[in-house]
Amino acid sequence: MTTTTPARGRRRAPSRMERAAGRAAAFQKPRVILALLLLLALTSVMLLDGYLRSEIGNDARVRDGAAYDKVPGRILDGGPLLTFDHGTATTQSVPDRTIVLTFDDGPTATWTPQVLKVLEENDVDATFFMVGSMISRYPGVVKSLVKQGNEVGIHTFTHVDLSYQSAARLQRELKQTQLALAGAAGVTTTLFRAPYSSQIDAVDNYSWPVYQEIGDLGYTSVFVDTDSDDWKKPGVSKIVRWATPKKNKGAIVLMHDAGGDRSQTISALGTYIKKMKAKGYTFTTVSGAQAMLNGNRSGVGRQSGSVGAGAGASAGAGIGGTGAAQAAQHQAAGATLYEGRALVYAVAVAEWVVPALSWFLLVVGIAVMGRFGMMLVLARRHHRQRNRGRGKGGRGGGRFSWGPAVTRPVSVIVPAYNEKECIANTLRSLAKSTHPIEIVVVDDGSDDNTSEIAESLGMPNVRVVRQENAGKPAALNNGVRTARHDIVVMMDGDTVFEPDAVHQLVQPFADPEIGAVAGNAKVGNRTTLIGAWQHIEYVMGFNLDRRMYDLLRCMPTIPGAIGAFRRDAVLGVGGMSEDTLAEDTDITIALHRAGWRVVYQEHARAWTEAPGSLRQLWSQRYRWSYGTMQALWKHRKSLTDKGPSGRFGRVGMPLVVLFQIVTPVFAPLIDVFTGYSMIFVDFRAALLAWLAVLAVQLVCAAYAFRLDREKYRYLAMLPLQQLAYRQMMYLVLIHSCVTALTGGRLRWQKLKRTGEVGTPAGAGR
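Here goes a summary of the coordinates provided. (Residues numbered from 1 in each chain as written. Predicted model: local features only at pLDDT ≥ 70, side-chain atom pairs only at ≥ 80, totals over all residues. Heavy atoms only, no water.)

### Points about the overall build of the protein chain
Scanning the protein chain from terminus to terminus reveals 22 helices and 21 strands. A buried classification covers 56% of the 765 residues belonging to the protein chain. Carbon together with sulfur atoms contributes 56% to the accessible area of the protein chain, which is approximately 31800 Å² in total. (Helix = DSSP H or I, 4+ residues; strand = E, 2+ residues; numbered from the N terminus. Buried < 20%, exposed > 50% of the residue type's maximum accessible area, 1.4 Å probe, protein only. Areas by Shrake-Rupley, 256 points an atom, 1.4 Å probe, with all protein chains shown as cover.)

Shown next as structure tokens:
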């Protein structure tokens, strides 16, 4: 029998979906790019944070005991201030009874402010040789330090031994630290102290060329006369004694305001200053000492013009209002200032984002593990409940039953659009049904003879209804309206039912509270790699989930491949809506809100043809993800629904949002964190953590396969699925989120079919 029915309420030229198609085509590619850029930005933030913490590019090598025969003797016997004038090296010593307090490795938010407080209380200025990565992390401390009248110098950006580094790395270490200073305090400096340096007589053949290059760039290299060795935590008295110069000589004294617990340094500092003042010593900065040596001239004489690359932006009086005491500092301007601010802002973002993401991902990880545990517990309970007494003649506590057997005829609706490859297999499988059915094929404007093929089979219980192309929801609604029975089974045009699938599917309708039933969809074309991955996903991700949602009474989706409904329930909620691209999720939530119960029938099995290429898979999952978001947004008021109808909003909506949207959106970051940790932190620990998570997933998957009586050999694909397929699904979801946030719409997307899924017996179990 053949009828032609126009789609109700549809305007043919152009349809809403057709209008949306043009807009979607224009925006789809930019959205993919935006999603990838978002992931790239977050990865960049992580890399920046790792660089700041010396997890990336860290070189812990420290040279010791090298020869020094190539270093001029007058340098080794000279003072701690090393400068170069047109390639000629000169050293200077601090005047007698003069102390230059220097602090290395800072700043920190804990110890540097305490050092500044002691200095201010004793009316003393000091010179701080700062690590660029620390400057960018604590810009406020640096700004306060400079404002107080102290002086800053460069201690490289990542605290590496420069004698091992290339010239390019040296330039980068200096420039990045200058940028950090410019962004933090608006200054640059010409003072430099190399990490792991001490007295000038320790310069060797490897470090001497480094100091020559640094000198040619306009920097003054600052060594030490006395080392407090406060990093050893020897006690306050020893720190004071070791920092005291001999025979009233002047000295550059080394202490630390970072690198560990500096409480002994703080305690010793005030005592040391008072002791040295009592002996008649004067405290100044490096620039102050140089001014004294140069006849109290303001600033460093050699710095009357521009200095070498990276050593400062301009010359002039010192910054901060103390003149000679800060003469090595210069006001940052132009590109240096703005690049420095950008660096500080970027670091601030990384400092906030990375820890926040770490904690968030920890919470997500705990939630995911909890979900796995809950799925296993509830799936086992569901299986035991629904299979109680099955195959045992009713022994063991009574056989599970929905109620009196449902034997009355039902209508099977097959929406079809260009399904010539599959429609014959679909209808032949229905012809073998053990349950009385009528089959309504709704041809949605096919142009490939789909309806002719259906009619040529000569099946007496098949009706073909033709309509203009209006989309799958309209086709299903047309089928529901023309159905002759009170129960309607909906399926896809490429799906093959097992002989008892319809009978099993409709048995739950013996319970008058049940309005819809979800069947067990199986991947038929699972012989390919992509098909095997989807097979694992269907068994573990879909069917295991449905068992859990069934017991929680908040089933979010009845699969389009196999589902059954009370006809009155469907019509009562307005039929299949065209408001979303996930009409199956939309109708399921609508039925929940109307007070109907939705259940999962694991024994009703159907075999569907999954996408056979990555492009088709992306297209399908993109539509599913975006459609699910649309449906959840459409039914957002279910969160406030009362009584049984609000159960989905109270339980199902949060679970779906958390585990189908939020968790997968952030899941790529877990992989990025894992890869980052393997490369830059601890490969073994990160690998073990990844393997532990994989083992948990493998246990869940194996249990799901056991419940569905599937062969375990496909689980060999699981590790590869985690490395490739899962990442693609994450990108699809991110793409969908970007589409939703930018207000885009998509059209119904027809996948290319091959018709390779035949009878269930040939589906390759």
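### Notes on the side chain of T557
Mapped onto the elements of the fold, T557 is located in the loop between α16 (529-552) and β20 (562-566). A relative accessible area of 18% means that T557 is categorised as buried. A distance of 2.8 Å separates a polar atom in the side chain of T557 from a polar atom in the side chain of T585. Apart from the residues lying within four places of it in its own chain, the contact partners of T557 are A518, R546, D584, T585 and T588. (Polar contact = N/O pair within 3.5 Å; in protein donor to acceptor, adjacent residues only side chain to side chain. Contact = heavy atoms within 4.5 Å.)

### So, the packing of α16 against helix α21 (residues 683-707)
It is at 9 Å that the axes of α16 and α21 come closest, and there the two elements cross at 80 degrees. Considered as vectors, α16 and α21 are oriented roughly perpendicular to each other. Residues H535, I536, V539, M540, L544 and R547 of α16 form the contact with α21, whose own contacting residues are Q697, C700, A701, A704, F705 and L707. For the contact of α16 with α21, the residue count by class is nine nonpolar, two polar and one charged. (Axes fitted to C-alpha atoms, helices over the stretch in contact; angles between N-to-C directions. Parallel < 35°, antiparallel > 145°, perpendicular 65-115°, else oblique. Nonpolar A, V, L, I, M, F, W, Y, C, P; charged D, E, K, R; others polar.)

### What about a nonpolar patch on the surface?
Taken together, the side chains of L529, M717, L720 and L723 make up a nonpolar region of the molecular surface, amounting to roughly 330 Å² of accessible area. Within the secondary structure, L723 sits in helix α22 (residues 718-741). For L723, a relative accessible area of 54% translates into the label exposed. (Patch = residues over 30% accessible without salt bridge, like charges linked within 9 Å, V, L, I, M, F, W, Y side chains within 5 Å. Salt bridge = Lys/Arg side-chain N within 4 Å of Asp/Glu carboxyl O.)

### Focus on the environment of N525
Looking at where N525 falls in the secondary structure, it is placed in the loop between β19 (514-523) and α16. N525 sits in the buried class, given a relative accessible area of 5%. For the pair formed by N525 and T608, sequence separation is 83 residues and the distance between their alpha carbons is 7.8 Å. Here the side chain of N525 touches A610 through a polar contact of 2.9 Å, landing on its backbone nitrogen.

### Quick word on the environment of E351
Along the chain, E351 turns up in helix α11 (residues 334-386). It is 9.9 Å that separates the C-alpha atoms of E351 and S136, two residues lying 215 residues apart in sequence.

### A few points about unusual backbone geometry
Across the junction of G106 and P107, the peptide omega takes the value 0 degrees, indicating a cis bond. With respect to the element layout, P107 can be found in the loop between β4 (98-106) and α3 (112-121). Of note in the backbone geometry, D105 takes a positive phi value of approximately 80 degrees without being a glycine. Here D105 shows up in strand β4. Located in the positive-phi region is K233, a residue other than glycine, with phi close to 55 degrees. With respect to the helices and strands, K233 occurs in the loop between β10 (226-227) and α8 (236-243).

### Observations regarding the packing of α11 against α16
Running from N to C, α11 and α16 point in directions that differ by 70 degrees, and their axes come no closer than 8 Å. On the basis of the axis angle, α11 is roughly perpendicular to α16. Mapping the contact onto sequence places R371, F372, M374, M375, L378, A379, R381, H382, H383, Q385 and R386 in α11 and M540, L544, D545, R547, M548, D550, L551 and L552 in α16. When its residues are assigned to classes, the contact of α11 with α16 shows ten nonpolar, three polar and six charged.

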